[in-house]
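Commentary on secondary and tertiary structure
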Amino acid sequence: MPTRSIPRTAGAWVTLAFCLLSSGTAYGQTTRAGSSEEIDTPAAADSNEIVVTANKRTQALSDVGLTVSVLSGDDLAAKKITSLADIALTVPGLSYSASENNTPVFTLRGIGFNEAALAAYPTVSIYADEAPLAFPVLAGQGAFDLERIEILKGPQGTLFGQNSTGGAINYIAAKPTSSFAAGADISYGRFDTVELNGFVSGPLTETLKARVAGHFIRSDDWQYSYTRNDTLGRSLAYAGRATLEWEPASSTRFRLTLNAWRDKSDPQAGQLVAVVPQAPVAIPDITGYPYPPRNPRAADWSFGQTIGPTGLVLDPRPASNRRLLQAALRGDIDLSADVTLTSLTSYVDFNQRQHQDYDGISLNDDDILMNNGEIRSVFQELRLANGDSSAFRWIVGANYQDSKINESNAVSYTDSVNAGPAFNNIVSNGYRSETIRRDYALFGNVEYDLQDALTLKLGARYTKNVTKAEICNYDLGDGRIAELFAGLSALLSGNPNVPPVGIGPDACLSLDANFMPGIYRDKLEEDNISWRVGLDYKLRQDFLLYANISRGYKAGSYPTISASSQQQTFPVKQESVTAYEAGLKFTSVDRIFNLNAAGFYYDYRDKQVRGKYSDPVFAILSALVNVPKSRLFGFEIEGGIRPVEGLSLNGSLTYLDSKITEYVGLNGFGRPQDFRGARIPFAPKWQGQVNLDYAWQASSDIEPFFGATFNARTGTTSYPDGENITLPDVPGASSAPGVTHPFAIRGYATLDLRAGADIGDHARVMVWGKNVTNEYYWQNVIYVFDTGFRLAARPATYGVTLSWKY
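Keep in mind the model is a prediction, meaning the values are calculated, not measured.

So, the pairing of strand E12 (residues 193–203)
Sheet analysis places strand E11 (residues 181–189) next to E12, joined by nine bridges and oriented antiparallel. Directly across from Gly 183, in E12, lies its bridge partner Phe 199. Taking the residues between adjacent antiparallel strands as the criterion, E12 and strand E13 (residues 208–219) are bridged by four residues.

Below, the structure written as structure tokens:
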């Protein structure tokens, strides 16, 4: 299918023209209207006040009538929060799971999309200084040199756009400083892990400031094979960020940010948890495969390298090489003393080359020998906003996003039943997708002070999404699967004159509705209106009550899967969440005590899930499906106290009750089921955290400190009703010892410890441990073809960190 090249420079030209036209404009005012830039404000000047940009304005967190969790840069450093999994453990209501394609999946308050395709939009959108990282895989290495991370809960469609039905995560990078500053830290830990971070910042001229930061991590393998002498799981990643801020006039400000990273870390290998053969002809080597011990490090994977019929190198051993380049240009121009025009342009270029084990065993039942992909995405937003001092505050704007995503895969199954004569001895096939996604949006948000203490909030966004997909399954080169599908086409269509199916990525073989092989092309056009209405009431300056009703949408999507039938590649339609939420935020006058609480109810329609499809030839295969109706309700409580000097205690508790109210489909093993009353995946009923930090002055230059963080959450599941799904009664089916419900994810508790000392104003030494009790738990369970496997969390890790700042 012919594809248009993405207009990579269109947005940049908009912002560049914007810069040139406005660089000489000056109004001489001393305040900035409606900007979400980090500026010096009275709230910001209070070291105990947290400042956020959740409403695309700079506000004190205690003044924002939304549920927002904030991780400061100091929190990230002190607690050694360095990965997406670490972030999820720290934030109430947030869950992280790895996927079979090494793509991260976030679920917030039960709203998530466990899909591994590169082109799948998330339900929890991720941003870097408001510039979208539109696809989950793009967020892999962004958590370094940050001022803070803001996690906004509930639908955020009005200001942040669709694909944020669960919420939004905004990485706020540290900005250039007005005077010279520099810092670095080095860590050494278990598995010979070495991590380096550093930055240099300061003015270049009177109007130009810069900051450069870098990150590097490497470690040895942390997983081992329990059937042979082999290891896996090394880490190797490096990243950099450069930021320039230019203020040619008091009314004109620009910021250019360049981000780049490369990640060569190994994809995680799975732990075999169940074998359920998809055909009555059982494969003894698979049905008799040993199960791993209850150890997070024990796993298994395929190995060895072969050359395919077309000369393609096929390697089943998990390996990955991902690279991201991002440029973001922001301009803020004060058109008057009370109105600011903001332009935000970004471009992302992502590339990956990897292969994964899909079955949790060393045999080749289902292995991805090639998982290559590219993402090119351009984003442009223009918005107008007035100042914060007015009783009527408004933002209006428009944005456009254009993304092209290519993904190409090769799958091998030489040890499966497919390799037998019943299926023409097929051993492999390829599949690819080319997707173009375009989003157009108009949005507005107003806040009106009805009284000094009462504020009305209204917001809406119109979004139109157009997705074009081209999906092809093909013969890699030996001709067996092409011959098989030509025969199936002739048999099922009743046409003995079906032409031969070719070989290679342009000869597509999935069968259409008439049982004819070919390429699948489709176009999905959807539009929606996200909205929010709310009230904020300040009982006093430090006591806020709020209530919101909102609706958000997530766009429909196509899967990238190995499909015998084109029906498997049909898209799911857009999903929606209507949220009802009320809460409070309280801070004592002396700021010794604070309490935040919220209760919520979600009406969840057409939830998108990776489900199952019953194929008449190949049995149970994957497909995307919509769950018509679900609901969730719960509450969150967060609080903190500083009872004595140097001692800080805080904690959180989240309760979530989720239920599917309408859905009939196939369960995780492909058996028909009515899911009414079933729980939603990745939605533990209870989550809690307790955090303690204590520091004291031992001398004029030495300040020792100690900290501990305890996290706990109850069990959940990776598939709807997974805690009740048992093994089907088929020959050869079995599960690991003690496992009766393979899709269940049991609850767990972890303890992190840290201790050290600040030395003077510039140095720190810290020893730390994560999961020091070595709790064995897992984040996902995946069932593909004949086997199911777990993706376990890392075991206990520990180390020492030396930090220095100037």
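Still more ground to cover, so stick around.
A look at the state of the cysteines
Evaluation of the coordinates by the stated rule reveals one disulfide. Cys 472 shares a disulfide with Cys 508; S-S distance 2.0 Å. Its torsion about the S-S bond being -110°, the disulfide of Cys 472 and Cys 508 is classed as left-handed. Of this pair, Cys 472 sits in strand E27 (residues 454–474) while Cys 508 sits in the loop between helix H7 (480–493) and strand E28 (520–540), placing them 36 residues apart in sequence. Each member of the pair Cys 472 and Cys 508 is classed as buried.

A short note on the packing of aromatic side chains
Taken as a whole and assessed by the stated rule, the structure comprises 25 aromatic pairs. Centroid distance Tyr 400 to Tyr 440: 5.2 Å. Interplanar angle 45°. Geometry classified as tilted. Of the two residues, Tyr 400 is situated in strand E25 (residues 392–412) and Tyr 440 in strand E26 (residues 428–449); the sequence distance between them amounts to 40 residues. According to the relative accessible area criterion, Tyr 440 is partly exposed, its value standing at 36%. Relative to Phe 743, the ring of Tyr 719 lies with its centre 5.8 Å away and its plane at 45°, an arrangement referred to as tilted. Here Phe 743 lies in the loop between strand E39 (734–735) and strand E40 (744–745) and Tyr 719 lies in the loop between strand E38 (716–717) and E39, a separation of 24 residues in the sequence. Note on Tyr 719: relative accessible area 7%, which makes it buried. Judged by its relative accessible area of 3%, Phe 743 falls in the buried class.

Comments concerning the pairing of strand E33 (residues 647–662)
Looking down a regular strand, the side chains alternate between one sheet face and the other. The sheet contact formed by strand E32 (residues 619–641) and E33 spans 13 bridges and is antiparallel. Following the sheet pairing, Phe 635 is matched in E33 by Tyr 655. As paired strands, E33 and strand E36 (residues 686–695) are joined by nine bridges and run antiparallel to one another. Among the inter-strand pairings, Gly 651 is bridged to a residue of E36, identified as Val 690.

Considering the confidence of the model for the chain
In this model, the chain carries a mean pLDDT of 88, and residues with pLDDT of at least 70 account for 92%. Below pLDDT 50 for its whole length, residues 1–32 participates in 64 contacts with residues either more than four positions away or in separate chains. Counted against residues more than four places away or in other chains, residues 38–47, with its pLDDT under 50, gives 11 contacts.

Thoughts on the sheet that holds E39
In spatial order, the strands read E39-E18-E44-E43; together these four strands make up an open sheet with antiparallel pairing. Across the chains shown, the open sheet's two edge strands, defined by having one partner strand only, are E39 and strand E43 (778–784). Summarising the sheet, strand E18 (residues 271–275) and strand E44 (residues 787–792) pair through four bridges and their orientation is antiparallel. Opposite Gln 271, over in E44, you have Arg 790 as the bridge partner.

Digging into the environment of Arg 532
On the secondary structure map, Arg 532 appears in strand E28. Looking at Arg 532, the relative accessible area reads 10%, which means it is buried. With 374 residues separating them along the chain, Arg 532 and Thr 158 place their C-alpha atoms 6.9 Å apart. A distance of 2.8 Å separates a polar atom in the side chain of Arg 532 from the backbone oxygen of Pro 155.

About the criteria used
- Residues numbered from 1 in each chain as written.
- Predicted model: local features only at pLDDT ≥ 70, side-chain atom pairs only at ≥ 80, totals over all residues.
- Heavy atoms only, no water.
- Pairing = 2+ DSSP bridges.
- Helix = DSSP H or I, 4+ residues; strand = E, 2+ residues; numbered from the N terminus.
- Disulfide = S-S within 2.5 Å.
- Buried < 20%, exposed > 50% of the residue type's maximum accessible area, 1.4 Å probe, protein only.
- Phe/Tyr/Trp six-rings, centres within 6.5 Å; stacked < 30°, edge-to-face > 60°.
- pLDDT = per-residue confidence, 0-100.
- Contact = heavy atoms within 4.5 Å.
- Polar contact = N/O pair within 3.5 Å; in protein donor to acceptor, adjacent residues only side chain to side chain.

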